[in-house]
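These are the residues of each chain, in order.
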Amino acid sequence: AQSVTQLDSQVPVFEEAPVELRCNYSSSVSVYLFWYVQYPNQGLQLLLKYLSGSTLVKGINGFEAEFNKSQTSFHLRKPSVHISDTAEYFCAVTGGGNKLTFGTGTQLKVEL
Amino acid sequence: DGGITQSPKYLFRKEGQNVTLSCEQNLNHDAMYWYRQDPGQGLRLIYYSQIVNDFQKGDIAEGYSVSREKKESFPLTVTSAQKNPTAFYLCASSPTSGGWGIEQFFGPGTRLTVL
């Protein structure tokens, strides 16, 4: 079985400031990790994914995430946020052959 | 333009009525999924199908039913047995069959409100 914990339900940040959205997972097997973004009343869009290889993964819209196996984390970062980044962000994990398990989401609110 | 369509975007129904949500994809994906989203609870898997004419229950299948007669289509019926059906429903597909290691592509969702 696997699980995902997103520690922060809401993260407020000022425009042009850096942001980190935290994600921790547990799994008994090797994992694939994903970050999705959801704008209001829309479906989910993939930001980035870690399947193997380099632990620093770059995604769309200037986001990146680092896979840390020892800390079982996959935190999402952006050095300078824009008002358009306001959305809900979901971390998800699969063991490959198992279902995709989602975290409860982090609402990022970018303020002027 | 390839993608996943869900219809309708908003749906209102009276308590005790069955309702069917549509999901169509033209991505030629083998696998399709239905999720339910409630505030603060993330996405929960209702049903999934990895091949035509076959589907499996997810974590919260009670009160729901599906069919997969065509590769492109995976409709979800919310039955009167579902105790609390008001939610946002998301359909997804992925190009893999028999595995989950590839990203899922999501439709725009249907918001169901039961009055």
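So, how was this worked out
- Residues numbered from 1 in each chain as written.
- Chains lettered and ligands numbered in written order.
- Predicted model: local features only at pLDDT ≥ 70, side-chain atom pairs only at ≥ 80, totals over all residues.
- Heavy atoms only, no water.
- Patch = residues over 30% accessible without salt bridge, like charges linked within 9 Å, V, L, I, M, F, W, Y side chains within 5 Å.
- Areas by Shrake-Rupley, 256 points an atom, 1.4 Å probe, with all protein chains shown as cover.
- Salt bridge = Lys/Arg side-chain N within 4 Å of Asp/Glu carboxyl O.
- Helix = DSSP H or I, 4+ residues; strand = E, 2+ residues; numbered from the N terminus.
- Buried < 20%, exposed > 50% of the residue type's maximum accessible area, 1.4 Å probe, protein only.
- Pairing = 2+ DSSP bridges.
- Axes fitted to C-alpha atoms, helices over the stretch in contact; angles between N-to-C directions.
- Contact = heavy atoms within 4.5 Å.
- Buried area = accessible area lost by both parts, 1.4 Å probe.
- Nonpolar A, V, L, I, M, F, W, Y, C, P; charged D, E, K, R; others polar.
- 1 Å grid on protein atoms, 1.4 Å probe; cavity = no way out; pocket = protein on both sides within 12 Å on 5 of 7 lines; lining within 4 Å.
- Points joined across faces, edges and corners; volume = space filled by probe spheres on them.
- Phe/Tyr/Trp six-rings, centres within 6.5 Å; stacked < 30°, edge-to-face > 60°.

> Explain a nonpolar patch on the surface residue by residue, including any values.
Residue and element names in this part refer to chain B. There is a patch of nonpolar side chains on the surface, built from Tyr 10, Phe 12 and Leu 115 and spanning about 360 Å² of accessible area. One can find Leu 115 in the segment after strand E11 (110–114). Under the relative-accessibility criterion, Leu 115 is labelled exposed at 64%.

> Which residues make up the sheet that holds strand E7 (residues 64–66) of chain B, and what values go with them?
All names here are of chain B. Read from one edge of the open sheet, four strands run E1-E3-E8-E7, paired in antiparallel fashion. Whereas interior strands pair on both sides, the edge strands pair on one side only; in this sheet they are strand E1 (4–7) and E7. Strand-to-strand twist of the sheet, defined as the mean angle between neighbouring strand axes without regard to direction, takes the value 20°.

> Report on the interface of chain A and chain B, specifying residues and quantitative values.
With 22 residues of chain A at the interface, the matching set in chain B holds 22 residues. Carbon and sulfur atoms make up 55% of the surface buried where chain A meets chain B, a total of about 1600 Å² over both sides. In this structure, the connection of chain A to chain B is made through one salt bridge. Notably, a salt bridge pairs Lys49(A) with Glu103(B), separated by 3.4 Å at the nearest N-O pair. Looking at the side of chain A that touches chain B, the elements that each hand over two or more residues are strand E5 (32–38), strand E6 (44–50) and strand E10 (87–94) of chain A. With four residues, E5(A) is the largest single contributor of residues to the side of chain A that touches chain B. For the side of chain A that touches chain B, the class distribution of residues is nine nonpolar, 10 polar and three charged.

> Please provide a residue-by-residue account of the pairing of strand E12 (residues 106–111) of chain A, values included.
Residues and elements named next belong to chain A. What you see with E12 is a clean split: Thr 106, Leu 108 and Val 110 sit on the buried side and Gln 107, Lys 109 and Glu 111 on the side with no burial. Pairing of strand E2 (residues 10–14) with E12 involves five bridges; the strand directions are parallel. Bridged to Phe 14 within E12 is Glu 111. When E10 meets E12, the two strands line up antiparallel, connected through three bridges. Following the sheet pairing, Ala 87 is matched in E12 by Leu 108.

> Talk me through the layout of surface pockets; I want residue IDs and the actual numbers.
As a volume, the largest pocket reaches approximately 310 Å³. Lining the largest pocket are 19 residues, with Gln38(A), Glu88(A), Gln37(B), Phe88(B) and Arg111(B) sitting closest to its centre. Looking at the lining of the largest pocket, its residues break down into seven nonpolar, nine polar and three charged. Of the volumes computed, that of the second largest pocket is approximately 200 Å³. Forming the walls of the second largest pocket are Tyr25(A), Ser27(A), Val29(A), Ser30(A), Val31(A), Tyr32(A), Tyr50(A), Leu51(A), Phe67(A), Lys69(A), Thr72(A) and Gly95(A). Residues that form the lining of the second largest pocket fall into these classes: seven nonpolar, four polar and one charged.

> An account of the packing of aromatic side chains is requested, with residue identities and associated values reported.
Applying the stated criterion to the full structure yields 12 aromatic pairs over all chains. When the centroid spacing of 6.2 Å and the interplanar angle of 80° are considered together, the rings of Phe102(A) and Phe106(B) count as edge-to-face. Of this pair, Phe102(A) sits in strand E11 (residues 101–102) while Phe106(B) sits in strand E10 (residues 105–106), each in a different chain. Grouping residues by exposure puts Phe102(A) and Phe106(B) together as buried. Note on Tyr64(B) and Tyr89(B): the rings are 5.9 Å apart at their centroids and 65° apart in plane angle, and the pair reads as edge-to-face. Highlighted residues: Tyr64(B) in strand E7 and Tyr89(B) in strand E9 (residues 87–94), separated in sequence by 25 residues. Tyr89(B) shares its class with Tyr64(B); the two are buried.

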